[in-house]
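Chain residues, written in single-letter form:
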Amino acid sequence: MRGVRWLLLKDLQILRRSPLQAMLLVAYPILIAVLVGFAISREPGDPRVAFLNEVPPNTRINVGGEELPKANVREQVCKRVECVFVEDREEAREKVASGDVLAALILPANLVNKINSLSTLTPGVPAVEVLVNEENAVKAELVDDRITTLLAEANLRIARRIGNEGGRYLGLIVNGGGFEILGETVPILGLRASARILEQVTPTLPPKLRPALREVTQFATQARDNLDVAKPLIDRLAQPIAVEKVVVGGDSPPLEIFAIAVAATLTLAFVVVLLVAGSLALEREENAFSRLTRGLVSSGGLLAEKVLLGVVVGLVVTLLMLFGMQVFSPLELGRVPLWLVAILFSAAALGAAGAALGAAAREVRAVSLLAFMVTLPIALLSLVPSGAVGPGAFDAIRIVTALFPFKPALEAIAAAIDEAGSGIGGPLLHLTVLFAAYAAIARVALRRFATI
Amino acid sequence: MRATGVVKRFGEREALRGVSLEAGPGELVAIIGPNGAGKTTLLSILAGIARPDEGEVASADGAVGWVPQQAALYRRLTVEENLLLFARLEGREDPRASTEEMLELTGLGDRRGEIVARLSGGNQQRINIAIGLLSRPAVLLLDEPSVGLDPRQRARLWDFVSALAGSGTTVIFSTHDIQEAERYGGRVLVLADGESLFDGSAKGLREAVRSEAPEAADRDFETAFVAYLHHRGH
């Protein structure tokens, strides 16, 4: 192990002597920490939407000849998006085309009339107009989602309001009360009172008439009882299906904790894999490999030194990043010992994977490219949630990501950071198995590809 | 240093076919031959980097120093840092004293703080050899040490190596430069396609060339040597 110490010192000297590399190692985690920090500490901005309301003022939605209170569509819409008010359609079109706004929402002049026609014998199709600029697929998807959500909410509000009014009328029919019409209050007797009066009158009538009157009383009672049931039905029509969410698995951390864990793991993975693979390849690029392994240090010792280098630098860089994140999102500092355990296990497994890559190549550039080409797609695949792709594809992704230490490292670091997180034992065991496997592969590769 | 009947195979190909060699203290032995003759393979077996498939290798007490063809040192470290690192790895009792000794031997004491990458090829080769000497070896193996050096650097290098041999170190070096082998090698071993064709003095090689390739005897030695190899079926 004496040789390992001096080689580690040598690698740190070389690292210190490469200012660009050393600066990148420090700057990269800081940059990632700042970017992630800003992303998770800021509310997402409301999308800018041009808004044109062509509906004449004081036009109201009418149900059964009765005007509903003002809908305040403008206020409702502008609560959810940043409204940019425009004067006419041409201005709306220009703003969308230039990208100044995400979309334009136009309420046409006949919108309310079309809504009112729904309760007539000749119903129209009420529609709003949406102008969009689908300059790329992601933006198109975003606009579709936002506008669909906005319209679904508007439809729900209108349906609820109509339901409420309908319910009020039903209440009048069942229970009676006052009905405002042309500024005067018309008393409505209601089914309940009607039935009661009929029941009181029945004994005073000639026996011949009583059966017929009882039928009328019975009808009034049945109608009252059934209409009582109808009110909740009308209320449910506005939102017939309610959502009851039950979490049955996947004890996921809060989004901001997960974002921090992703950023930390990504930093750790790139730093450790590239550093270990590169420094091992450097031994061969400098032709020192055969000299070293000729009795000065064993190939196992050389691999251990490279993994140790990755662990030391990875630990410093990742801790630097996590403490940097404190500025944006305070983390539980009592869990620092768990952070250390998670980072050490992760860095060791990632370092062994880097050593396996580094042992197979002779040139630092080639091995850096190889390490990058392996780490980046695996990291991206590790973030694909189940259900986002077909079951077959997800099974394949699960197998591939289980073979590289990124995903278990992410799970270990997330569990270490998250106070209410799931157990860390499983990911640590997974990392241990991967460490042993990659260390064995690296030893074989070093022997197989060793050249004189 | 003694090698007897060394055979080395790479798959189907036989890189060395029963090669033997013996070198005593202070001897300077040149191994010559065309590319692919097996020079580097023989040296790496003598150095203990590769194992022979058949035959034996033995050396007297004292480490065997190995100087690979391409300088095996860290170009981003200084001259002194390189020597100190390898002295520590060699387990020298006083690594700093060993470093100073090598700096003096190579004449690079005044450039100790310079990054190796900034040194000339000749100076890099001197450090490369100095690293090979850190273990104070009884035998020093040099694989084509003068490749890539200009004539002046070559002359310096051979002065340095000759001085080592003069102090009792056994030096075995490979080269494909016949004149270099003739000039500096006290003994010459000729290899071709893994086969040992000649083992003797430089003068003896000239005589062998003259007798086996008389048609080329009047031409320069290199041409005559190529004719000799041709006559021997290579």
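Procedures and definitions
- Residues numbered from 1 in each chain as written.
- Chains lettered and ligands numbered in written order.
- Predicted model: local features only at pLDDT ≥ 70, side-chain atom pairs only at ≥ 80, totals over all residues.
- Helix = DSSP H or I, 4+ residues; strand = E, 2+ residues; numbered from the N terminus.
- Buried ≥ 20, exposed ≤ 12 C-beta atoms within 10 Å, placed from the backbone.
- Contact = placed C-beta atoms within 7 Å.
- pLDDT = per-residue confidence, 0-100.
- Axes fitted to C-alpha atoms, helices over the stretch in contact; angles between N-to-C directions.
- Parallel < 35°, antiparallel > 145°, perpendicular 65-115°, else oblique.
- Left-handed = near helix turned anticlockwise from the far one by under 90°.
- Nonpolar A, V, L, I, M, F, W, Y, C, P; charged D, E, K, R; others polar.
- Pairing = 2+ DSSP bridges.
- Right-handed = clockwise from strand over helix to strand, strands pointing away.
- Core = buried A, V, L, I, M, F, W, Y, C linked by C-beta atoms within 7 Å.
- Expected span 1.5 Å × (residues − 1).
- Arc of directions from axis to C-beta.

### Describing the overall build of chain B
Helix and strand content of chain B: eight helices and nine strands. In chain B, which comprises 234 residues, the proportion classed as buried is 44%. The contacts in chain B between residues at least 6 apart in sequence include a share of 67% that link residues at least 24 apart.

### Considering the overall build of chain A
Check the secondary structure of chain A and you find 16 helices and eight strands. For chain A, the residues scored as buried account for 31% of the 452 residues in total. A separation of at least 24 residues holds for 75% of the contacts in chain A among residues at least 6 apart in sequence.

### Remarks on the confidence of the model for chain A
With 88% of its residues at a pLDDT of 70 or more, chain A has an overall mean of 82. When mean pLDDT is taken per element in chain A, helix 12 (residues 336-359) of chain A scores highest with 94 and strand 3 (residues 66-67) of chain A scores lowest with 64.

### Brief notes about the packing of helix 13 (residues 364-382) of chain A against helix 14 (residues 391-402) of chain A
In a pair of packed helices, the angle between the axes and the distance between the axes together describe the arrangement. All names here are of chain A. Running from N to C, helix 13 and helix 14 point in directions that differ by 130°, and their axes come no closer than 9 Å. Relative to helix 14, the element helix 13 lies oblique. Crossing hand, helix 13 versus helix 14: left-handed. In this structure, helix 13 uses Ile378, Leu381 and Ser382 to contact helix 14, whose residues at the interface are Ile397, Val400 and Thr401. Counted by class, the contact of helix 13 with helix 14 contains four nonpolar, two polar and no charged residues.

### Observations regarding the pairing of strand 6 (residues 139-143) of chain B
All names here are of chain B. The element strand 6 is largely enclosed, with a buried count of five among its five residues. Taking every second residue as pointing to the same face, both faces of strand 6 are buried, with Val139, Leu141 and Asp143 on one and Leu140 and Leu142 on the other. With five bridges connecting them, strand 6 and strand 7 (residues 170-175) associate as parallel partners. Bridge pairing links leucine 142 to phenylalanine 173 in strand 7. A crossover connection joins strand 6 to the parallel strand 7 through helix 5 (residues 151-166); in handedness this β-α-β unit is right-handed.

### So, the packing of helix 9 (residues 255-285) of chain A against helix 12 of chain A
All names here are of chain A. Two numbers describe how helix 9 lies on helix 12: the axes approach to 7 Å, and their chain directions differ by 40°. Here helix 9 lies oblique to helix 12, going by the angle between them. Relative to helix 12, the crossing made by helix 9 is right-handed. Facing Thr265, Leu268, Ala269, Val272, Val273, Val276, Ala277, Gly278, Leu280 and Ala281 of helix 9, the residues of helix 12 in contact are Ile343, Ser346, Ala347, Leu350, Gly351, Ala353, Gly354, Ala355, Leu357, Gly358 and Ala359.

### Describing the sheet that holds strand 3 (residues 28-32) of chain B
All names here are of chain B. What the six strands build is an open sheet, ordered 5-6-7-3-8-9; its pairing is mixed. The open sheet is flanked by strand 5 (64-67) and strand 9 (195-200), the only strands paired with a single partner. For this sheet the average axis-to-axis angle between neighbouring strands, irrespective of direction, equals 15°. Here strand 3 runs beside strand 7; their pairing, made up of five bridges, is parallel. When the bridges of strand 7 are listed, valine 29 appears paired with isoleucine 172. Most of the contacts of helix 4 (residues 121-133) go to strand 5, to which it runs at about 160°, and overall it touches strand 5 and strand 6.

### Quick look at the sheet that holds strand 4 (residues 54-58) of chain B
Residue and element names in this part refer to chain B. The strand order 2-1-4 describes an open sheet built from three strands, whose pairing is antiparallel. Pairing within the sheet leaves two strands with one partner each, and these edge strands are strand 2 (13-22) and strand 4. Each strand axis lies, on average, 25° off the axis of its neighbour in the sheet, ignoring direction. The pairing of strand 1 (residues 2-10) with strand 2 spans seven bridges and is antiparallel. Considered in strand 2, the bridge of alanine 3 is made with leucine 21.

### Describing the interface of chain B and chain A
Contacts between the two partners involve 21 residues from chain B and, on the opposite side, 16 residues from chain A. Looking at the side of chain B that touches chain A, the elements with two or more residues in it are helix 1 (39-47) and helix 2 (79-89) of chain B. Looking at side-chain class alone, the side of chain B that touches chain A contains twelve nonpolar, four polar and five charged residues.

### Concerning the nonpolar core
Ala349, Ala352 and Ile413 of chain A together with Leu141 of chain B are the most contacted members of the largest nonpolar core, which totals 148 residues. Examining the composition of this core, we find that 19 residues originate from one element, helix 9 of chain A, more than from any other. In terms of nonpolar packing, the next biggest core, distinct from the first, is built from 20 residues, Val49, Leu102, Ile106 and Leu107 of chain A among them.

### A few points about helix 1 of chain B
Counted residue by residue, helix 1 of chain B has nine buried out of nine residues, so it is predominantly covered. For helix 1 of chain B, the complete set of buried residues consists of Lys39, Thr40, Thr41, Leu42, Leu43, Ser44, Ile45, Leu46 and Ala47 of chain B.

### Details of the pairing of strand 9 of chain B
As defined by bridge partners, strand 8 (residues 187-192) of chain B adjoins strand 9 of chain B across five bridges and the pair is classed as antiparallel. When the bridges of strand 9 of chain B are listed, valine 188 of chain B appears paired with glycine 200 of chain B.

### What about the environment of threonine 185 of chain A?
Relative to the helices and strands, threonine 185 of chain A is located in strand 8 (residues 184-188). For threonine 185 of chain A, a count of 10 C-beta atoms within 10 Å puts it in the exposed group.

### Considering helix 13 of chain A
All names here are of chain A. With 19 residues, helix 13 extends 26 Å between its outermost C-alpha atoms, agreeing within 8% with the 27 Å of an ideal straight helix rising 1.5 Å per residue. Residues of helix 13 that are buried include every one of Val364, Val367, Ala371, Thr375, Ile378, Ala379 and Ser382, and no others. Considered in projection along helix 13, the buried side chains sweep an arc of 100° and stay on one side of the axis. Every exposed residue of helix 13 that faces more than 90 degrees away from the buried side is listed here: Arg365, Leu369, Met373 and Leu380.

### A look at the environment of glutamate 153 of chain A
All names here are of chain A. With respect to the helices, strands and loops of the structure, glutamate 153 is situated in helix 6 (residues 137-175). Glutamate 153 sits in the partly exposed class, given 14 other C-beta atoms within 10 Å. Along the chain, glutamate 153 and valine 77 lie 76 residues apart, while their C-alpha atoms are 9.3 Å from each other.

### A word on unusual backbone geometry
All names here are of chain B. Of note in this structure, arginine 136 is not a glycine but carries a positive phi near 50°. Mapped onto the elements of the fold, arginine 136 is located in the loop between helix 4 and strand 6. One non-glycine residue with positive phi stands out, namely glutamate 144, at about 45°. Along the chain, glutamate 144 falls in the loop between strand 6 and helix 5.

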